[in-house]
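Examination of the molecular architecture
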Amino acid sequence: MKHSLRVKLSFSYALVALISVVLIMAITNLFLDKYFREYVKNNQEQKNKDVISSISHQYQNNGKWNMEMIETIGVRALENGLIIKVKDKNGNIIWDATVHNNGMCQRIIEHMAQNMSSRYPHMKGRYTEVPYPVNSGLTKVGEVQIGSYGPYYLSDNDLAFINTLNKLLIGIGIFSMLFSLVLGSIIARKLSSPISRVIGSAQSIAKGYFSDRVLERSNTKEICQLTSTINNLAGTLEKQEILRKRIGADVAHELRTPLATLQSHMEAMIDGIWEPDAERLKSCHEEIIRINKMVGDLEKLARYESESLVLNKTSFDISELIHRIVLNFEPEFKNKDIKLAFNGKIEEVFADKDKISQVVINLVSNALKYTPEGGTVNISVKGAEDITEVSVKDNGPGIPQEDLPFIFERFYRADKSRNRLTGGSGIGLTIVKAITEAHKGRIEVQSRVNHGTEFILSLPKETNQ
Ligand code: ADP
């Protein structure tokens, strides 16, 4: 069965309070019993000593006892719960409490037994008489037998003290339980209310209201973390949603132009307005190739951007890889009369070779595409302690400052009209970014209009090679 955080917290507070009170009560009773018993025993012993000392003073030098005083002492002792019997040195009883008032002695003994069994029902005590010698100077002149309930007994006052203390402890226990229940439920409410509100907001986000945010302010660290995590999640979902909608719109937009061109060309040829000659068919064919390339690029991008982008990492020399790419590109650069230079020493990286090769190809083909005839493109590899940097630098037209933040976004083209000619789909750099980020690397661009552009790819050197 599932219980709310509030119920659980309240009950755990109450349970902790209950356990603490029970423990305190048990420990207090244990110690109380031990020390109180000692105290009672000592007290009784002291009383006995007082009685013996008083009686020893009643022995007179002529060998006689002051019988009046002995009776007074005996009666007072009886009132205090001590049943005494005084004997002379020959063992003859000279005063006996049971003879003086047997009824009272019986009542006292019964009362003691009652007091003890009320507190210790299992204790086996009984009436005992202990003989004490009575001395006058150093000589024994008689004996006092003091009878009481043994091994010790609790007087009415002792019992009242213990009972009051126990009542007090039970009262404190009940009070602290109620207090912790109330306090627990207040604290629990303080904790659970923001969580409930966060849940409410999260549910609304889950329903698709991605622009909703959790506005909960809390001074509990975990709740703040929860709030910011949910808000980040909502932010990511919102971005994804916008991206998803935009991709749909962008794809439709990008495909519309070449498809419309194709359609009008075909219709003109069907209607006999245009001769379906080789040149017209070639133009249509080029349009189809363009659409095909775009679809291919999109497919690649979807693959690279998908969360399950699996990197097949190996250790390889990135300079050697780039050198081979440069060699492949050389004829095209020559055709366009662009100087292509590569500079780099052996530089081992731990990465996905095919995907890194795709990144370099995209950057180099952009440099080739956008650098005018007679230009220069420099490619270099630099190794630092924890990163490897690849730079592709051209002295082409550059990218306007206002376009720089967007060039890595899909379908973004800084100069639409120029790209119509070059045939770019605006996906190349998006692929570069997706692959770089999957490698936990960075791609940066520095560009000035009419001065050229430099793309710098930084790859972290991984320790787990
Ligand atoms: P495209 O297929 O249009 O080249 P990319 O994503 O590769 O798409 O590039 C996006 C835009 O960035 C390009 O349309 C272009 O305007 C700009 N760009 C990229 N590389 C360069 C470069 N080396 N010089 C000038 N502009 C560039």
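Each residue is numbered by its place in its chain's sequence as written, counting from 1. In keeping with the predicted nature of the model, local features appear solely for residues at pLDDT of at least 70, side-chain atom pairs appear and are counted solely at 80 or more, and the whole-chain, interface and lining totals rest on all residues. Excluded from the side-chain calculations are hydrogens and water; all other atoms, namely the structure's heavy atoms, are used.

1. Topic: unusual backbone geometry
One non-glycine residue with positive phi stands out, namely aspartate 337, at about 55°. Residue placement: aspartate 337 occurs in the loop between α8 (318-335) and β6 (339-344). Accessibility expressed as a relative area gives 53% for aspartate 337, which makes it exposed. The phi dihedral of lysine 440 falls on the positive side, at around 60°, and the residue is not glycine. The exposed category is assigned to lysine 440, whose relative accessible area is 70%. Helix numbers and strand numbers start at the N terminus; a helix is a DSSP run of H or I with at least 4 residues, a strand a run of E with at least 2. The rule is simple: take the accessible area with a 1.4 Å probe, protein chains only, and divide by the maximum for that residue type; under 20% is buried, over 50% is exposed, in between is partly exposed.

2. Examining the sheet that holds strand β10 (residues 442-448)
Across the sheet, which stays open at both edges, the 5 strands sit in the order β6-β8-β9-β11-β10 with mixed pairing between neighbours. A single partner strand is all that each edge strand has here, and the edge strands are β6 and β10. Strand after strand, the sheet turns through a mean of 10° between neighbouring axes, direction not considered. For two strands to be treated as a pair, DSSP must find at least two bridges joining them. One ladder, built from 6 bridges, connects β6 with strand β8 (residues 376-383); its direction is parallel. Note on definitions: angles span 0 to 180 degrees between N-to-C directions of axes, and those axes are lines fitted to C-alpha atoms, for helices only across the stretch in contact.

3. With respect to the environment of proline 372
Along the chain, proline 372 turns up in the loop between α9 (353-370) and β8. Residue classification places proline 372 among the partly exposed positions, given a relative accessible area of 44%. Counting along the chain gives 61 residues from proline 372 to lysine 433, while the straight-line C-alpha distance between them is 25 Å. Residue contacts follow a heavy-atom distance rule, with two residues in contact if any of their heavy atoms lie within 4.5 Å. In this structure, proline 372 is in contact with Ile338, Gly396 and Pro397, ignoring residues within four places of it in sequence.

4. Some thoughts on the pattern of salt bridges
Here, a salt bridge means any Lys or Arg side-chain nitrogen found within 4 Å of an Asp or Glu carboxyl oxygen. In this structure the tally under the stated criterion is 11 salt bridges. Put simply, arginine 290 and glutamate 287 hold a salt bridge, and the shortest N to O gap is 3.7 Å. Taken as a pair, arginine 290 and glutamate 287 lie in helix α7 (residues 278-305) at a separation of 3 residues, close to a single helical turn. Classification of arginine 290 as buried rests on a relative accessible area of 19%. Take glutamate 287: its relative accessible area is 18%, and that puts it in the buried class. Here the residues in one salt-bridge network are Lys87, Lys140 and Glu143, joined through shared partners.

5. A short note on the sheet that holds strand β3 (residues 126-136)
Within a beta sheet, neighbouring strands are joined by backbone hydrogen bonds and run either parallel or antiparallel to one another. Sheet architecture is open: 4 strands sit in the order β2-β1-β4-β3, paired in antiparallel fashion. Both edges of this open sheet fall to β2 (93-96) and β3, since each of them pairs with a single strand only. When the angles between neighbouring strand axes are averaged without regard to direction, this sheet yields 15°. Where strand β1 (residues 83-88) lies against β2, 3 bridges are found, and the strand directions are antiparallel. Pairing of lysine 87 across the sheet is with isoleucine 93, part of β2. Sheet strands touched by helix α2 (residues 67-79): β1 and β2. Its angle to β2, the strand with the most contacts, is close to 40°. Taken strand by strand, helix α4 (residues 102-119) contacts β1, β3 and β4 (139-150), and its axis lies near 50° from that of β4.

6. Let's talk about the nonpolar core
What makes a nonpolar core is a set of buried Ala, Val, Leu, Ile, Met, Phe, Trp, Tyr and Cys residues whose side-chain atoms join them at distances within 4.5 Å. Formed by 45 residues in total, the largest nonpolar core has its most connected members in Ile318 and Phe455. Residues Val40, Ile70, Ile108 and Leu159 belong to the second largest nonpolar core, which totals 35 residues.

7. Let's talk about the environment of aspartate 271
For aspartate 271, the position within the fold is in the loop between α6 (221-270) and α7. Take aspartate 271: its relative accessible area is 57%, and that puts it in the exposed class. For the pair aspartate 271 and glutamate 222, spaced 49 residues apart in sequence, the C-alpha to C-alpha distance is 71 Å.

8. Here's the deal with the pairing of β8
As paired strands, β8 and strand β9 (residues 387-394) are joined by 7 bridges and run antiparallel to one another. Bridging across to β9, serine 380 finds its partner in serine 391. Linking β8 back to β9 in an antiparallel pair, the connection comprises 3 residues.

9. Topic: the packing of α4 against helix α5 (residues 156-206)
Taken N-terminus to C-terminus, the directions of α4 and α5 make an angle of 20°; their axes are 11 Å apart at the nearest point. When the axis of α4 is compared with that of α5, the two are roughly parallel. Crossing handedness for the pair α4 and α5: left-handed. Touching His111, Asn115, Ser118 and Arg119 of α4 are Asp156, Leu159, Ile162 and Asn166, all from α5. Residue type decides the class: Asp, Glu, Lys and Arg count as charged, Ala, Val, Leu, Ile, Met, Phe, Trp, Tyr, Cys and Pro as nonpolar, and the leftover types, Gly among them, as polar. Of the residues contributing to the contact of α4 with α5, the split by class is 2 nonpolar, 4 polar and 2 charged. Any angle between 65 and 115 degrees counts as roughly perpendicular, while under 35 counts as roughly parallel, over 145 as roughly antiparallel, and the rest as oblique. Each crossing gets its hand from how the near helix is turned against the far one by less than a right angle, where anticlockwise is left-handed and clockwise is right-handed.

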